[in-house]
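Tertiary structure, described
So you can see what is in the structure, the chains are spelled out below.
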Amino acid sequence: MEFLYEYGLFLAKAVTLVAAIGAIIAVIAVSASRQVHKKGELEITDLSEEFEHTKQQITDHLLTKDELKEKEKAEKKKAKAAKKEKADEKNNDRKRLFVLDFKGSIDAKEVASLREEISAVLSVANENDEVLVRLETGGGMVHGYGLASSQLDRIRQANVPLTIAVDKVAASGGYMMACLADRLIAAPFAVLGSIGVVAQIPNFHRLLKKNDIDVEMLTAGEYKRTLTMFGENTDKDREKFVEDLEDTHELFKEFVAEHRPQVDIEEVANGEVWFGRRALDKALVDEICTSDEYLLNACSEADVYHISYVEKKSIPERFGISISGAVDRVILTWLDRIQKNRYFS
C-alpha cells in the first residue's frame, strides 16, 4: 500500500508538472499569434545631463566636507538662475545635437533601426540643430549599404548639418555612408577607404562531374545568371560578371566624387585603405578627432541627445522558441548572398 501511495503521489506531481508546462506553452503560443507585427520604441538619453552628472561626482569626491557644504549652498542659488536660463535658451532655440549609432553587418540589416531613428530626428530637427552619426562598419552588400547611404542623405536633404565620426572603421560600403557627411571626423588610427568592389563564388562543377552528378539550370534572358556554383562557368560568363563589377565600381566612384569633390578619386579608388592621419592627407576625412572629444566639446554649446530605436522582442523570442524561424532566416540570407554576391571592398 505504501508503494501505491508513493507511486500515486509521484504520478500526481508529474501530471501537474506536465499540465503547467502545457499551460505556459499555450499562453506563449496565443501571445505569439496576437503579435502579428513587431514594433519597437525609441530610447532617448540626455548625454548632456550624463556628462554633467559624471563631472559633479568627481568634483564632489575631491572636495572636503566644508567645501562640499559651501558648494551645495551655491548650487541652490545657481539652480534658480539656471532654471530661468534654460527657459530662455529654449525660447532662443538653443542648438540640439542628436547622436545616432550605426554598427553595420555585412548585409546592413541595421538600416531598419537607422531609418526609424532618422525619421524621428527629422520630425523635430531644424537647420540650427545637428546630427552626429557614430559609424562603425567594414562594409558589405551593395544594395544594403546603398539603402543605408540613402537614409543618411535624407538628413542632408532636410538641410540639417550631418557630422559622421569614425572611431574604428568605415571601409567600402561604410565609406560610402561616411562620404555623405558635411563634416567627417576620424580617430588617428581609424580605417577608411577601400573604394572598390569584390565578389567571389565557389564552383563545384568538376567535383559533381567526377561523381556523375548533373545540375540543370534553366533561365529566360541571356544574362539572368552568369557565374554559378554548380554549373560549368564559361569565359563569356566571367566576362559579363566582371563587366557588372566594373559598372558597380564606377557607380561607387561617382558617388564618392559627387559628395567629396576634394578627393582625387582616381588616386584613392583602387581598393586601398588608409588610417585616419593618412586619410586626412588624401582628403578622405576633414579632421582627426574622436567622437568622445567631439561630444564633450559640443555639450558646452548644445543639448546632446542619444537616439536609439530598439525593437521589442516577442514572448516566444524571449523564451528562445523561434529557432525554426532563425534557421529559415539564415538559409534565406545565405541564398540571397549567393544570388547578389557583389560586395563593396
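Heads up: these notes are all about the structure in this document. (Residues numbered from 1 in each chain as written. Predicted model: local features only at pLDDT ≥ 70, side-chain atom pairs only at ≥ 80, totals over all residues. Heavy atoms only, no water.)

What follows is about the overall build of the protein. In terms of helices and strands, the protein carries 13 helices and 11 strands. Burial analysis of the protein (345 residues in total) assigns 32% to the buried set. Considering only residue pairs separated by 6 or more positions, the protein has 77% of its internal contacts joining residues 24 or more positions apart. (Helix = DSSP H or I, 4+ residues; strand = E, 2+ residues; numbered from the N terminus. Buried < 20%, exposed > 50% of the residue type's maximum accessible area, 1.4 Å probe, protein only. Contact = heavy atoms within 4.5 Å.)

Compared with an ideal rise of 1.5 Å per residue, which puts 25 residues at 36 Å, helix α8 (residues 235-259) spans 36 Å between its outermost C-alpha atoms and is within 8% of the ideal. Within the sequence span of α8, burial applies to D237, K240, F241, L245, T248, H249, F252, K253, F255, V256 and H259. (Expected span 1.5 Å × (residues − 1).)

By the definition in use, this model includes four aromatic pairs. Note that K240 overlies the ring of Y223, its terminal NZ or CZ placed 4.7 Å from the centroid. (Phe/Tyr/Trp six-rings, centres within 6.5 Å; stacked < 30°, edge-to-face > 60°. Lys NZ or Arg CZ within 6 Å of the ring centre and 35° of its normal.)

Here we come to the environment of N128. Examined against the element boundaries, N128 turns out to sit in the loop between α4 (111-122) and β3 (130-137). Residues N128 and D93, 35 residues apart in the sequence, show an inter-C-alpha distance of 8.0 Å. Residues contacting N128, with those up to four places away along its chain left out, are D93 and K95.

A few words on the nonpolar core. Core analysis: the biggest nonpolar cluster contains 47 residues, and L152, I164 and Y175 have the highest contact counts within it. The residues contacting I164, other than those within four sequence positions of it, are L132, V133, L135, L152, M177, A178, A181, R183, L184 and I185. Formed by 12 residues, the second largest nonpolar core is a distinct cluster that contains V99, L132, C289 and V304. (Core = buried A, V, L, I, M, F, W, Y, C linked by side-chain atoms within 4.5 Å.)

Attention shifts here to helix α2 (residues 47-62). Because the α-helix completes a turn every 3.6 residues, residues three or four places apart line up on one side. Between its first and last C-alpha, α2 extends 23 Å over 16 residues, near the 22 Å set by a 1.5 Å rise per residue. Between a side-chain oxygen at the N-terminus of α2 and the backbone nitrogen of S48 the separation is 3.1 Å; the capping residue is D46. (Polar contact = N/O pair within 3.5 Å; in protein donor to acceptor, adjacent residues only side chain to side chain.)

Attention now moves to the side chain of T163. The residue T163 is located in strand β4 (residues 162-171) in this model. A relative accessible area of 3% places T163 in the buried class.

Together, F204, L207, I213, V215 and F230 make up a nonpolar patch on the protein surface, roughly 430 Å² of accessible area in all. Summarising the element assignment, V215 is placed in the loop between α7 (205-210) and α8. (Patch = residues over 30% accessible without salt bridge, like charges linked within 9 Å, V, L, I, M, F, W, Y side chains within 5 Å. Areas by Shrake-Rupley, 256 points an atom, 1.4 Å probe, with all protein chains shown as cover. Salt bridge = Lys/Arg side-chain N within 4 Å of Asp/Glu carboxyl O.)

Between α4 and helix α5 (residues 142-157), the shortest axis-to-axis distance is 10 Å and the interhelical angle comes to 5 degrees. With respect to each other, α4 and α5 are oriented roughly parallel. Contacts from V111, L114, R115, I118, S119 and L122 of α4 reach α5 at L147, A148, Q151, L152, R154 and I155. Each residue belonging to the contact of α4 with α5 can be placed in one class, and the counts come to eight nonpolar, two polar and two charged. (Axes fitted to C-alpha atoms, helices over the stretch in contact; angles between N-to-C directions. Parallel < 35°, antiparallel > 145°, perpendicular 65-115°, else oblique. Nonpolar A, V, L, I, M, F, W, Y, C, P; charged D, E, K, R; others polar.)

What follows deals with the pattern of salt bridges. If you walk through the whole model with that rule in mind, you get 16 salt bridges. For K109, the salt bridge is made with E110, and the minimal N-O distance between the two is 3.6 Å. Take K109: its relative accessible area is 55%, and that puts it in the exposed class. When the shortest N-O distance is used, the salt bridge between K282 and E267 registers 2.6 Å. Here the residue K282 occupies a position in the loop between α10 (276-281) and β9 (287-288), and E267 occupies one in helix α9 (residues 265-268), the gap between them amounting to 15 residues.

Here we come to unusual backbone geometry. The residue S172 is not glycine, and still its phi comes out positive at about 45 degrees. Mapped onto the elements, S172 comes out in the loop between β4 and α6 (173-178). Phi is positive for D212, close to 55 degrees, though the residue is something other than glycine. Structurally, D212 is set in the loop between α7 and α8.

Quick look at the pairing of strand β10 (residues 303-311) now. Where strand β1 (residues 40-46) lies against β10, seven bridges are found, and the strand directions are antiparallel. When the sheet's bridge partners are listed, T45 is paired in β10 with H306. Relative to β10, strand β2 (residues 96-103) runs parallel, the two being bridged by four bridges. Residue pairing in the sheet places V99 in a bridge with H306 of β10. (Pairing = 2+ DSSP bridges.)

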